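A look at the structure
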Amino acid sequence: MEDRTFRDLESGNGNYGLGTLKTKLMTIKAFDLNSHQNTASGKTGRFRNWIVGFTKKPISLNSPASNPHFLIPLMTLSLWGLPILSGLAAKASDIPLKVGVVQRFGDEPTDKLTLKAAPDDQLTVKFLGGDMQPKTKQLSSLKLEIVNKPLQQPQIEEYVVLSNHGTFETAEDSANKWREKGIEVEVAKPDRWQVWAKRSVYQTPLLRRLLLASIKAKGDTTAYIDTNVVTEVPHASFVIGNYRYHRREIDITAGKNLIWVSKGENNRRTRLYPGSLRIQPNAYGDYTLVNQVPLESYLRGVVPHEIGAGARYSTVAAQSIIARTYALRNRRRFNVDGYELCADTHCQVYFGINQTNPVADRAIAATKGLVLTYNNELVDALYSAATGGVSAPFSDVWNGSERPYLRAVVDSPYSLWNLSQKSLADEQNFREFMNLKQGFNETDNSYLFRWKYNNSLKQVTSHLQRYLKKTKHPLANFTTIEHMEVVERSPAGRVLKMAVTTDRGILELSKNEARSAFGPPRSTLFYVDPIYDKGNQTLKGYVFVGGGFGHGVGFSQHGSQNLAKLGWSAEKILSFYYPGTQIQPLNNSIIFWQNASALVKP
């Protein structure tokens, strides 16, 4: 089992270590509540050192200051303002994240980036010079473009794709299963998430083909070899003075640690990034612009865009805690590409800091260093725009081990429905539930809470064909949909299996695939009915009726706003959506991520 802890991240190590990481108790100088003097002050009085480590208990935001387990730097921690942690929480801001803010630079030969320093500042650009020695230049701006350099001889690039997935969570579960079979793998995202046979292990065409033959001999029909003939290699290109450089790696910093980045010839989508930037190759033959940014600065570019303008303070504070938790737990997502997180909805939306807002900044500062835990491990802090009236357990949407704190919760402050007595796995119960409109946290947002879309047979067929071709499904060449229906639901009402009968055979869509395969569904909380012509004989299309937006697991961004309106605190909101969890300040004992299947071997 591999553990990720605060000490490992505090060191700035961006790669997952091998084996179990050991942590030590950390002694911090604490505020003495009797003398009201700090041990660092040098004054006389009674001083004590409090040990924060494996014996530390989770902090409740309502805990009295007299609780000996609550004695931390400065005074009692509160979501509603400062004082906050001055020791551990301050160090939380030092945790550097590596975020891919432009993931596929060079995917198109016309790609361009312009980097600019803030007013009265300069960029420092580091790269290898023509003599392959380190070179440093001071510039006010840097324009990057792609130059494809031809190879003397064509090269073959290929990898064994073991499985395709719509989400990282299911891809990681698939990777675990392949490892259990003795195959070394890595998770990648050339477009959809994929599990690859590890390239450093299966290095030759012969090894790759022997592996594929062995897999297929055991009945697998999804694995394949993706082969490309490469005749030219893209290089990040820039001009300094009268000389043009073509480089694979470029490091960019600024004196004020602020860099403007815009895309394209017309400098569209200009964003301001704190920290430093780096152009580096990825696993797909092009480049990623990586922003190395302190955690708390990163949150300033996430929270206001995720929760939206106008959200009440306790909702923003709750979003700040789970966004921080999510970032720290998910730093492994892009190991294959040499960075940690992306800047879109496959991770968390991160738009830099040129569109921050005062409420979000206040909430981030007031919750500095606070994370959400379960059994002293960071929770899988999943959240979505709207649940549709009931949140989903983890396994309703993805494959993998269940998270005890991600449960089916009726998203209402009132007792509207008893899931233990009327399971939504029953189709009649489910349709009755979907007819309920009032009393839910998301009722006021009718656009996301309930939706209905009619699709012609041609539209449904086109959506499914496109999805099956993208996933290289063996039935991708079908021409006609004859029938489709939901054949299995979870007790929370989510689609677990959907059967589609085509002229080439029956295919089964599982969980989130049922949403990805068609255009209309905004979530997996839906039912589908056929649409016939007036004579009720000819199938014309299907109607999708559902609720919610996104996966529906964990925190509802829209639902939480109603709870805040009712006066709920951030702590109470998080306890509602993640039952059994605790808010803690970062400390040495917290496990950031556990690899229960020992994915990385020493």
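Conventions adopted
Chains are numbered independently. Their residues run from 1 in the order of the written sequence. Totals for whole chains, interfaces and linings use all residues, but because this is a predicted model, local features are given only for residues with pLDDT of at least 70 and pairs of side-chain atoms are given and counted only at 80 or more. Excluding hydrogens and water, the side-chain figures rest on all heavy atoms present in the structure. Strands are runs of DSSP state E lasting at least two residues, helices are runs of H or I lasting at least four, and both sets are numbered from the N terminus onward. Buried means the residue's accessible area, taken with a 1.4 Å probe over protein chains only, is under 20% of the maximum for its type, while exposed means over 50%, and partly exposed covers the values in between. In this description, contact between two residues means that some pair of their heavy atoms is separated by no more than 4.5 Å. Exposure was quantified through the Shrake-Rupley algorithm and a 1.4 Å probe, taking into account, for residues, occlusion by the shown protein chains and nothing else. The way it works is a 1 Å grid over only the protein atoms, where trapped points that fit a 1.4 Å probe form a cavity and open points with protein on both sides within 12 Å along at least five of seven lines form a pocket, and then any residue with an atom within 4 Å of a point lines it. Grid points are joined across faces, edges and corners, and a volume is the space filled by probe spheres set on the points. The classification used treats Ala, Val, Leu, Ile, Met, Phe, Trp, Tyr, Cys and Pro as nonpolar, Asp, Glu, Lys and Arg as charged, and all other residues, Gly among them, as polar. Think of it this way: a Phe, Tyr or Trp ring, Trp meaning its six-membered ring, pairs with another when their centres are within 6.5 Å, and the plane angle makes it stacked under 30 degrees, edge-to-face over 60, tilted otherwise. We call a charge positioned over a ring when the NZ of a Lys or the CZ of an Arg lies within 6 Å of the ring centre and within 35 degrees of the ring normal. What counts as an axis is a line fitted to C-alpha atoms, over the stretch in contact for a helix, and the angles between N-to-C directions run from 0 to 180 degrees. Roughly parallel covers angles under 35 degrees, roughly antiparallel covers those over 145, roughly perpendicular covers 65 to 115, and oblique covers all other angles. Helix crossings fall into two classes, left-handed where the near helix is turned counterclockwise from the far one by less than a right angle and right-handed where it is turned clockwise. Definition of a polar contact: a pair of N or O atoms within 3.5 Å, with one able to donate and the other able to accept a hydrogen when the atoms are protein atoms, and with sequence-neighbouring residues admitted only if both atoms are side-chain atoms. Cysteine sulfurs are considered disulfide-paired once they come within 2.5 Å of each other. Put simply, a nonpolar core is a bunch of buried Ala, Val, Leu, Ile, Met, Phe, Trp, Tyr and Cys residues held in one set by side-chain atoms that sit within 4.5 Å of each other. Confidence of the predictor at the level of single residues is given by pLDDT, which spans 0 to 100. Multiplying one less than the number of residues by 1.5 Å gives the expected span of a helix. A pair of strands counts as paired when DSSP detects no fewer than two bridges linking them. Whenever a carboxyl oxygen of Asp or Glu lies within 4 Å of a side-chain nitrogen of Lys or Arg, that contact is scored as a salt bridge.

**Comments concerning the overall build of the protein chain**
Helix and strand content of the protein chain: 15 helices and 30 strands. By the burial criterion, 54% of the 602 residues in the protein chain qualify as buried. Looking at the protein chain alone, contacts between residues at least 24 apart form 68% of all its contacts between residues at least 6 apart. Of the roughly 26800 Å² of accessible surface on the protein chain, a fraction of 49% belongs to carbon and sulfur atoms.

**Here's the deal with empty space enclosed by the protein**
Unoccupied space between atoms shows up once a probe the size of one water molecule is rolled over them. Scanning the model with the defined rule gives 2 cavities of 30 Å³ or more in all. Surrounding the second largest cavity, Phe168, Glu169, Glu172, Asn330, Arg332, Arg333, Asp380 and Arg403 form its lining. Considering only residue class, the lining of the second largest cavity consists of 1 nonpolar, 1 polar and 6 charged.

**Here we look at the packing of aromatic side chains**
Inspection of every chain in the model, using the stated rule, returns 25 aromatic pairs. A centroid spacing of 5.3 Å and a plane angle of 50° characterise the contact between tyrosine 374 and tyrosine 405, whose relative ring orientation is tilted. Residue tyrosine 374 is found in strand E19 (residues 370-374), and its partner tyrosine 405 is found in the loop between helix H9 (394-397) and helix H10 (427-434); the two are separated by 31 residues along the sequence. The class of tyrosine 405 is buried, set by a relative accessible area of 5%. These aromatic residues form a ring-pair network of at least three members: Tyr326, Tyr383, Phe555, Trp568, Phe576 and Tyr577. Its guanidinium or amino end placed over the ring of tyrosine 313, arginine 362 lies 4.1 Å from that ring's centre, counting from NZ or CZ. Seen from the ring of phenylalanine 430, arginine 489 lies directly overhead, with NZ or CZ sitting 3.8 Å from the centre.

**Quick look at the packing of helix H14 (residues 557-565) against helix H15 (residues 570-577)**
One way to put it is that H14 packs onto H15 with a least axis distance of 10 Å and a crossing angle of 135°. When the axis of H14 is compared with that of H15, the two are oblique. Pair H14 / H15 crosses with right-handed handedness. Across the interface between the two elements, Gly559, Ser560, Leu563 and Ala564 from H14 touch Ile573, Phe576 and Tyr577 from H15. Residue composition of the contact of H14 with H15, grouped by class: 5 nonpolar, 2 polar and no charged.

**Looking at the environment of asparagine 164**
Its place among the elements puts asparagine 164 in strand E8 (residues 141-165). In contact with asparagine 164, other than residues within four places in its own chain, are Arg192, Trp193, Gln194, Tyr224 and Thr471. A distance of 3.0 Å separates the side chain of asparagine 164 from the side chain of glutamine 194, its partner in a polar contact. A distance of 3.3 Å separates polar atoms of two side chains, one belonging to asparagine 164 and the other to tyrosine 224.

**A word on the state of the cysteines**
Applying the stated criterion across every chain, the model contains 1 disulfide. Residue pairing for cysteine 342: its cysteine sulfur links by disulfide to cysteine 347, the two sulfurs lying 2.5 Å apart. With the S-S dihedral at roughly 115°, the linkage between cysteine 342 and cysteine 347 falls on the right-handed side.

**Considering the nonpolar core**
Most often, soluble globular proteins have nonpolar side chains that are buried together. Among the nonpolar cores identified, the biggest contains 108 residues, and Leu115, Leu162, Tyr298, Phe555 and Tyr578 are the most heavily contacted of them. Looking at which element gives the most residues to this core, the answer is helix H7 (residues 313-329), with 10 residues. Counting residues in each nonpolar core, the second largest holds 25 residues, with Ala476, Val495, Leu507 and Phe518 among its members.

**Overview of the environment of glycine 400**
With respect to the secondary-structure elements, glycine 400 resides in the loop between H9 and H10. When its relative accessible area of 30% is taken as the criterion, glycine 400 is described as partly exposed.

**Some thoughts on the confidence of the model for the protein chain**
In this model, the protein chain carries a mean pLDDT of 85, and residues with pLDDT of at least 70 account for 83%. Scored below 50 in pLDDT, residues 1-90 makes 201 contacts in the model with residues more than four places away or belonging to other chains. Scored below 50 in pLDDT, residues 597-602 makes 13 contacts in the model with residues more than four places away or belonging to other chains.

**Some remarks on helix H3 (residues 168-180)**
Between the first and last C-alpha of H3 there are 18 Å, a value that for 13 residues agrees with the 18 Å anticipated at 1.5 Å per step. The buried fraction of H3 is high, at 10 of 13 residues. All of the buried residues in H3 are Phe168, Glu169, Thr170, Ala171, Glu172, Asp173, Ser174, Ala175, Asn176 and Trp178. Two residues or fewer past H3, glycine 182 is found with a positive phi of approximately 90°.

**A few points about the pairing of strand E11 (residues 224-240)**
Two elements, E8 and E11, share 13 bridges in a ladder whose sense is antiparallel. Its bridge partner being in E11, tyrosine 159 is matched across the sheet by aspartate 226. Note that E11 and strand E12 (residues 243-247) share 5 bridges and pair antiparallel. Following the sheet pairing, valine 239 is matched in E12 by arginine 244.

**Considerations on the pairing of strand E4 (residues 96-105)**
Of all 10 residues that make up E4, 7 are buried, and the element is covered over most of its length. Pairing geometry for E4 and strand E17 (residues 287-294), over 7 bridges, is antiparallel. The partner of glycine 100 across the bridge, within E17, is valine 290. Bridge count for E4 against strand E18 (residues 341-342) is 2 bridges, and the pairing is parallel. Paired with valine 99 across the two strands is leucine 341, which belongs to E18.

**With respect to the pattern of salt bridges**
Applying the stated criterion across every chain, the model contains 25 salt bridges. Linking glutamate 427 and arginine 431 is a salt bridge whose minimum nitrogen-to-oxygen distance equals 3.2 Å. One end of the pair is glutamate 427 and the other is arginine 431, both in helix H10 and 4 residues apart, which spans about a single turn. Given the relative accessible area of 28%, glutamate 427 is considered partly exposed. Salt bridges sharing common partners tie together Arg329, Glu377, Asp380 and Arg403.

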